[in-house]
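This is what each chain is made of:
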Amino acid sequence: MPTASFAGQQDTYLNVVGSAAILRHVSRCWASLFTERAVTYRLRNGFDHHKVHMAVVVQRMVFPQAAGILFTADPVTSNREIVSIEASFGLGEALVAGLVNPDVYQVRDGEIVAKTVAAKQLAIHAQPAGGTREEAIEPARQEQPALTDGQVVRLAQLGRRIEAHFGRPQDIEWCLVDDDFHIVQSRPITTLFPIPATSDQGNHVYVSVGHQQMMTDAMKPLGLSFWQMTTPRPMAEAGGRLFVDVTQALGSPASRAGLLDVTGRSDPLIGDALRTVVERGDFIPALPDGGRAEMPPGSEPASIQTDAGIVTGLIERSQAAIAALKRDILGQSGPALADFILANIQELRRFMFDPQSLPVILAGMQAAWRLNEAVQEWLGEKNAADPLTQSVPGNVTAEMGLALLDVADVIRPHPDVVKFLQHVQDEAFLDELPALDGGREARDAIEAYLGLYGMRCVGEIDITRPRWSERPATLVPMILANVKNAEPGAGHKRFEQGRQQAMHKEQELLARLRALPDGEPKAEEVKRLIDRIRTFAGYREYPKYHMVSCYFVYKQALLDDADRLVQAGVLGDREDLFYLRFSEFRDVVRTNQADDELIRQRRDAFRSYQALTPPRVLSSDGEAVAGTYRRADVPAGALTGLPVSAGTVEGRARVILDMAEADLEAGDILVTAYTDPSWTPAFVAIKGLVTEVGGLMTHGAVIAREYGLPAVVGVEHATRLIRDGQRIRVHGTDGYIEILDQT
């Protein structure tokens, strides 16, 4: 199928001799539909067991000199320009079963560009009476290639013809008999990440937006279109994700240095992958003389005075704009609602990209970078800015986590409420609370919290994702964890403790600097940087809070319209809305007609996209360009990442992929794929953080520093390499994790 290849799920039998044996083995093939691996595969991919059917193909047996697998796209990098061929002697069963290391060839544009000949110690051959047998290969022949170079090129050309026939990259099994290739089967490669569509045939390099926004999940079409309407920069789509085309920025020497510097600081894996592409020399087209490319944000110094009044003014404008939106959208429906939202998004853009807003964010970031460089040079201390960002004023996301501690304070004295919350099954629990002793107070506290933060959720940049106000039960595990693990008044105490620690760190640094020769000017510079950091760092989280607040207002109004369209028979389900782009929805409300087949196709495509992992950097050849940390200072066996919050901590690893299932104890270390602002309530219960995705200024890093939690992000495959319950040590200053319990 287009979205699932079913590779390796059903049984295959070779060299079956005689009609009775053939019929017997056909039955065995049918029976293999219900092996554990086949059932699990269908469950994972959403296929109904009662609707699955299978034809058994009976082929003439051939007796090959060599056999193997051909991929018309590189199975490691996904590069569509590379044909990858694996070959071994005899039947391909030895290769498929993993009994031999095959020869590996890579072919590009009709030329072999890489070749590895393995030592092949055995082969599987057919027996005259039926069945197969393993045979040792004589030593003198073991390291001979299974194919000649000419055969490799000819096979690659055949693979390209098969790919052209099916219209997509193929996974092909082949045999070589008397210098003639036989194709045993061909199926689509369903694990390749799609390539963004372009209007030209030139080379392009794309950077993942999701890795910057801490949301690498697939987005539905409505979510993609809202994000594209919000951002000022054109974005490409692929696999339900968004990418920024940085080809021009890399092609201009002036902007290239800035882009590599900014990405290298914020996410070294992206920075290194871009540097790898540049160093190849022939992939990025150079801009013509005099050509200009847009400079990436953060590559030029932010020129803004250190004035807390600027932040106060921006926040007041945000609050006024959200209040006006909630007031003005009332009563809007149909085409008028669509037009209203389209106009209001321009107001949202004006706030998000206010001439003062971005400089405020950059000023805090750049001050932290400069302070870290200066203190490391003058005092030999790494990441000195991290403790100085604890409990900065105005960090709306950090305040959100502490506010849930206050909710727990209301609930903790009432055991009936606690017991009730431990068995919550659905979203109606808020209506049932008032019947309990203390339940009315608990309900009021939760609803007040939702009034401030209910627009947030996991993956909140996608307007279609369910918000806390829509699914308040999502918060219950964290409320219960706070009831159990935190002391009364912990929210205020934690904020004040962080503020005091930041103040003491400031005094310590300034005293040490003043003790240096020529220390007074150094101390004065660091003091200016500290003031700038603490004035501006808290605002870093506010623009996204403003955006998701607007998104939730839009969403509620759009769903009301979708309900009316369902009643009118135009839509089959209110959430069909999510599979339309906003422009398409405007057409639906104007014409009262919807394309049911398009919506069905979009649902199927989204399901397939959910199984894909987006690369940080993607080329127009389809290559997922991998970056590395290029560090030699990490102990053997340690997992390397980006240090984003200083300190060292040891504890139990809790590998959690869904915050709604978080069961955290005081002192646990959270290990997860990514954290957006919705994960903040979990941060008050942990003492360290490890994520697979993240950068220096992404959400998890900012809040970890705010709460004083040692953190390492960008640790590839952390949720697979670290097992739940293992003891680990997080080195938040040096950027690596040690696994202490290997059992």
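Heads up: the structure comes first, above all this text.
Residues numbered from 1 in each chain as written. Predicted model: local features only at pLDDT ≥ 70, side-chain atom pairs only at ≥ 80, totals over all residues. Heavy atoms only, no water.

Draft legend 1. Seen up close, the packing of helix α11 (residues 308–328) against helix α12 (residues 334–352). Interhelical geometry of α11 versus α12 gives an angle of 175° and a closest axis separation of 11 Å. By the angle between their axes, α11 is roughly antiparallel relative to α12. Residues Leu-314, Ser-318, Leu-325 and Asp-328 of α11 form the contact with α12, whose participating residues are Phe-340, Asn-344 and Phe-351. Its residues assigned to classes, the contact of α11 with α12 shows four nonpolar, two polar and one charged. (Axes fitted to C-alpha atoms, helices over the stretch in contact; angles between N-to-C directions. Helix = DSSP H or I, 4+ residues; strand = E, 2+ residues; numbered from the N terminus. Parallel < 35°, antiparallel > 145°, perpendicular 65-115°, else oblique. Contact = heavy atoms within 4.5 Å. Nonpolar A, V, L, I, M, F, W, Y, C, P; charged D, E, K, R; others polar.)

Draft legend 2. Highlighting the sheet that holds strand β10 (residues 236–238). The four strands are arranged β10-β11-β9-β12 in an open sheet whose pairing can be described as antiparallel. The sheet is open, and its two borders are formed by β10 and β12 (617–619), each paired with just one other strand. Strand-to-strand twist in this sheet, taken as the mean axis angle between neighbours without regard to direction, amounts to 40°. In this structure, β10 lies alongside strand β11 (residues 241–245), joined through three bridges in antiparallel fashion. Within the sheet, the bridge partner assigned to Ala-236 lies in β11 and is Phe-243. Most of the contacts of helix α7 (residues 221–230) go to β11, to which it runs at about 30°, and overall it touches β10 and β11. Packing of helix α10 (residues 268–280) onto the sheet brings it into contact with β9 (205–208) and β12, and relative to β9 it is tilted by some 175°. (Pairing = 2+ DSSP bridges.)

Draft legend 3. Just a negative patch on the surface, in detail. Residues Asp-426, Glu-427, Asp-431, Glu-432 and Glu-447 make up a contiguous surface patch of negative charge. Mapped onto the elements of the fold, Asp-426 is located in the loop between α16 (415–421) and α17 (429–432). Judged by relative accessible area, which is 41%, Asp-426 ranks as partly exposed. (Patch = residues over 30% accessible without salt bridge, like charges linked within 9 Å, V, L, I, M, F, W, Y side chains within 5 Å. Areas by Shrake-Rupley, 256 points an atom, 1.4 Å probe, with all protein chains shown as cover. Salt bridge = Lys/Arg side-chain N within 4 Å of Asp/Glu carboxyl O. Lys, Arg positive; Asp, Glu negative; His and termini not counted. Charge placed at Lys NZ, Arg CZ, Asp CG, Glu CD. Buried < 20%, exposed > 50% of the residue type's maximum accessible area, 1.4 Å probe, protein only.)

Draft legend 4. Examining unusual backbone geometry more closely. Even without being glycine, Ser-78 reaches a positive phi, approximately 70°. Looking at the element boundaries, Ser-78 is found in the loop between β1 (66–71) and β2 (83–89). Among the residues examined, Ser-78 registers a relative accessible area of 12% and is labelled buried. A positive phi is found at His-717, a non-glycine position, where the angle reads about 60°. With respect to the element layout, His-717 can be found in the loop between β18 (711–713) and α27 (718–721). What makes His-717 partly exposed here is its relative accessible area of 41%.

Draft legend 5. Structural view of the pattern of salt bridges. Scanning the entire structure with this criterion turns up 51 salt bridges. With its nearest N and O atoms 3.0 Å apart, the salt bridge here joins Glu-738 to Arg-729. Residue class for Arg-729 comes out partly exposed when judged on its relative accessible area of 25%. Look at the salt bridges and you will find they share partners, linking Glu-381, Lys-505, Glu-508 and Arg-512 into a network.

Draft legend 6. Layout of the nonpolar core. In this structure, Phe-226, Leu-274, Ile-341, Ile-411 and Tyr-554 are the most contacted members of the largest nonpolar core, which totals 142 residues. The greatest single-element share of this core, amounting to 14 residues, is contributed by helix α22 (residues 542–567). Apart from residues lying up to four places away in sequence, Phe-226 is in contact with Ile-341, Ile-345, Ile-463, Tyr-551, Tyr-554, Leu-558 and Phe-582. (Core = buried A, V, L, I, M, F, W, Y, C linked by side-chain atoms within 4.5 Å.)

Draft legend 7. Highlighting the state of the cysteines. Under the defined criterion, the tally for this structure stands at zero disulfides. No disulfide involves Cys-457; its sulfur sits 15 Å from the nearest other cysteine sulfur, which is in Cys-550. (Disulfide = S-S within 2.5 Å.)

Draft legend 8. Region of the structure containing empty space enclosed by the protein. Per the counting criterion, the structure on display carries two cavities of 30 Å³ or more. For the largest cavity, the calculated volume is near 40 Å³. Val-209, Gly-210, Met-215, Asp-217, Met-219, Arg-241, Leu-242 and Ile-461 together form the lining of the largest cavity. Grouping the amino acids of the lining of the largest cavity by side-chain chemistry returns five nonpolar, one polar and two charged. (1 Å grid on protein atoms, 1.4 Å probe; cavity = no way out; pocket = protein on both sides within 12 Å on 5 of 7 lines; lining within 4 Å. Points joined across faces, edges and corners; volume = space filled by probe spheres on them.)

Draft legend 9. Quick look at the sheet that holds strand β14 (residues 642–645). Across the sheet, which stays open at both edges, the eight strands sit in the order β13-β20-β19-β15-β16-β17-β18-β14 with mixed pairing between neighbours. Each having just a single partner strand, β13 (639–640) and β14 make up the two edges of the open sheet. The sheet contact formed by β13 and strand β20 (residues 736–739) spans two bridges and is antiparallel. Its bridge partner being in β20, Leu-639 is matched across the sheet by Ile-737.

Draft legend 10. Looking closely at the pairing of strand β8 (residues 180–188). Relative to β8, strand β7 (residues 170–177) is paired through eight bridges, and the arrangement is antiparallel. Within β8, the residue paired with Trp-174 across the bridge is Ile-183. What sits between β7 and β8 in their antiparallel hairpin is a turn of two residues, with Asp-178 showing a positive phi close to 55°.

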